[in-house]
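# An overview of the molecular structure
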Amino acid sequence: MNYPKDSVNKLLVQKAIEAKQNAYAPYSNFRVGSALLTDDDEIITGCNVEVSSFGLTICAERNVIFQAYSKGKRKFKAIALAADTNNYISPCGACRQVISDLCGNIDVIMVNGNGDYKIYKAAELLPIAFTHTELNNRK
């Protein structure tokens with residue numbers, strides 16, 4: 001993909017909005033779609049999937065990241081997430097940790113229900129993150 005960065009961001013936003021249509025959210029009716037841009041410019045999409053035991057529900061962000069890992073992808077540029085909200089949709093704490101651990105300090109594109117978006121770095125969303133570094137610094 002040889003697009004200017006703004007065009008790539010807009011494409012990711014569109015893919016996240018499209019992925020939201022596949023969300024399975026019969027309990028919360030809170031649909032979220034995500035689109036992950038790999039280092040080799042592949043776009044992988046995901047959505048949230050709910051079950052009656054809410055603790056077993058998977059968020060769109062973790063869904064797409066785990067899909068990417070199952071395809072052997074390990075390096076990423078950006079992730080977009082979209083929901084039908086007035087505010088920009090932000091990853092939950094669990095997803096912030098997974099993004100930090102498995103994606104690094106990538107761009108996180110938060111999309112509101114109007115298709116407008118804001119971009120943050122993952123480290124801005126989870127400052128002082130617990131990472132593999134702490135595991136390697138044990139006494």
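Bear in mind the structure is a predicted one, so any value in this text is a computation, not a measurement. (Residues numbered from 1 in each chain as written. Predicted model: local features only at pLDDT ≥ 70, side-chain atom pairs only at ≥ 80, totals over all residues. Heavy atoms only, no water.)

One open sheet accounts for five strands, arranged β2-β1-β3-β4-β5; its pairing is mixed. Strands with a single pairing partner mark the edges of an open sheet, and in this sheet they are β2 (43-47) and β5 (117-121). Put simply, the sheet's adjacent strands are angled 20° from each other on average, direction ignored. In terms of strand pairing, strand β1 (residues 32-38) meets β2 through five bridges, oriented antiparallel. Bridging from a neighbouring strand, Ser34 pairs with Gly46 of β2. (Pairing = 2+ DSSP bridges. Helix = DSSP H or I, 4+ residues; strand = E, 2+ residues; numbered from the N terminus. Axes fitted to C-alpha atoms, helices over the stretch in contact; angles between N-to-C directions.)

In this section: the pattern of salt bridges. Oppositely charged side chains can form a pair if their charged atoms are brought close together. In this structure the tally under the stated criterion is nine salt bridges. Lys71 serves as the salt-bridge partner of Glu42, at 3.7 Å between the closest nitrogen and oxygen. Here Lys71 lies in the loop between α2 (60-70) and β3 (76-83) and Glu42 lies in the loop between β1 and β2, a separation of 29 residues in the sequence. Asp107 is the partner of Lys121 in a salt bridge, and the nearest nitrogen-oxygen pair spans 3.1 Å. (Salt bridge = Lys/Arg side-chain N within 4 Å of Asp/Glu carboxyl O.)

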